[in-house]
Amino acid sequence: MILIFDLQTKVQTANPSSLRWLGYSEAELFAKHWRDLIKDKTELITKSEMVVRNGSIKNWLVTFITKNGDEIPAEMDVNQIIREDKPAGFLVVVRDITERLKLQEETLRSQKMASLSLLVSGIAHEFNNILGTIHTWTTFTRQDTEDQNTISQLLEIIENQTQRGRTIVRDLLMFSGNYQPSIRAIKLSSLIKKIMARMEKEFTQKKVKVQAYYHSKGLFEADAYQMEILITNLIKN
């Protein structure tokens, strides 16, 4: 679509595709200013000043409004027309980018679905590992009901795996913004010991020695899960 505007930004010339695209007759379109055709009036003023100052502007993203009120996303190049060394108007070349935006949206949606698929696959894998561990040690517990020490160790493994599953669920709820904190009295020293025990293997692999000193063993009100995340990040960083 090609349009020519005078210095007052009133339409002077329009090619046939402009008339079809905007839905106006030639007489109707020639009575319009570009403020009548472009949606964002504030940006229109700013960009117009840039054209006057710089002589042109490229790839200006705008939304045109047709005669029947439809909004069409477009990209346009505006060049100042010079006649006898004086500004005489503006030459505007407009490209409909509706299909381009649709393609970008479809690509973005595909990327989001791919990321979601990867996330779901990872979650399923994690839960499969947890359930497999619980199933295995539950079976062993049934086969060895006489050794109370062994049973206690197996039950501890099952409890840890169950807690791991709950942590994954809480992480998902936190990520989705649907996590509801549970404020209750917690013992900070016990929480730190639990975190240190869980991270012991990581400390060993990285050859890091960590010591904890507890100045207070009292209780305080907080959400245990959020405190656990906070303390874990503090230790890691």
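You'll find the structure just up there.
Caption draft 1: Quick peek at the overall build of the chain. From N to C terminus, the chain includes nine helices and seven strands. For 237 residues, the compact-globule formula gives about 18 Å, and the C-alpha radius of gyration of the chain, at 33 Å, lies well above that figure. Dimensions of the chain along its principal axes, counting C-alpha atoms only, are 100 × 45 × 35 Å. Long-range contacts, defined as pairs at least 24 residues apart, comprise 52% of the intrachain contacts of the chain with a sequence gap of at least 6. Carbon and sulfur atoms form 55% of the exposed surface of the chain, whose accessible area is close to 16200 Å². Averaging the coordinates of the 32 positive side-chain charges in the chain and doing the same for the 29 negative ones gives two points 4 Å apart.

Caption draft 2: Spatial organisation of the nonpolar core. Ranked by size, the top nonpolar core spans 26 residues in total, and within it Leu29, Phe64, Met76 and Val78 carry the most contacts. For this core, the secondary structure elements donating two or more residues are β1 (2–5), β2 (11–14), α1 (16–22), α3 (34–37), α4 (41–54), β3 (56–65), β4 (71–83) and β5 (86–96). Those residues in contact with Met76 that lie beyond four places of it in its chain are Ile38, Ile57, Lys58, Asn59, Trp60, Val62, Phe64, Val92, Val93, Val94 and Arg95. With eleven residues, the next largest nonpolar core counts Leu191, Met196, Met199 and Ala224 among its residues.

Caption draft 3: View of the sheet that holds β1. With antiparallel pairing, five strands are arranged side by side in an open sheet as β2-β1-β5-β4-β3. Only two strands of the sheet have a single neighbouring strand rather than two, namely β2 and β3. Along the sheet, successive strands turn relative to each other by an average axial angle of 30°, direction set aside. Sheet strands touched by α4: β3, β4 and β5. Its angle to β3, the strand with the most contacts, is close to 155°.

Caption draft 4: Structural view of the pairing of β2. Bridge count for β1 against β2 is three bridges, and the pairing is antiparallel. Residue pairing for β2: Phe5 is matched across the bridge by Val11. What sits between β1 and β2 in their antiparallel hairpin is a turn of five residues, with Thr9 showing a positive phi close to 60°.

Caption draft 5: Geometry of unusual backbone geometry. The phi torsion at Glu84 lies on the positive side, around 55°, for a residue other than glycine. For Glu84, the position within the fold is in the loop between β4 and β5. The phi torsion at Asp85 lies on the positive side, around 65°, for a residue other than glycine.

Caption draft 6: Main features of helix α9 (residues 224–236). For α9, which comprises 13 residues, the first-to-last C-alpha distance of 18 Å matches the rise-based estimate of 18 Å (1.5 Å per residue) to within 8%. Between a side-chain oxygen at the N-terminus of α9 and the backbone nitrogen of Gln226 the separation is 2.8 Å; the capping residue is Asp223.

Caption draft 7: Structural view of helix α7 (residues 188–198). Among all positions of α7, only Ser189, Leu191, Ile192, Ile195 and Met196 are buried. The buried residues of α7 occupy an angular sector of 160° when the element is viewed end-on, so they sit on one face. Summarising the contacts, the buried residues of α7 are in contact with β6 (183–187), α8 (200–205) and α9.

Calculation rules
- Residues numbered from 1 in each chain as written.
- Predicted model: local features only at pLDDT ≥ 70, side-chain atom pairs only at ≥ 80, totals over all residues.
- Heavy atoms only, no water.
- Helix = DSSP H or I, 4+ residues; strand = E, 2+ residues; numbered from the N terminus.
- Rg over C-alpha atoms; globule rule 2.2 N^0.38 Å.
- Contact = heavy atoms within 4.5 Å.
- Areas by Shrake-Rupley, 256 points an atom, 1.4 Å probe, with all protein chains shown as cover.
- Lys, Arg positive; Asp, Glu negative; His and termini not counted.
- Charge placed at Lys NZ, Arg CZ, Asp CG, Glu CD.
- Core = buried A, V, L, I, M, F, W, Y, C linked by side-chain atoms within 4.5 Å.
- Buried < 20%, exposed > 50% of the residue type's maximum accessible area, 1.4 Å probe, protein only.
- Pairing = 2+ DSSP bridges.
- Axes fitted to C-alpha atoms, helices over the stretch in contact; angles between N-to-C directions.
- Expected span 1.5 Å × (residues − 1).
- Polar contact = N/O pair within 3.5 Å; in protein donor to acceptor, adjacent residues only side chain to side chain.
- Arc of directions from axis to C-beta.

On their own, these measurements won't tell you what the molecule is for.
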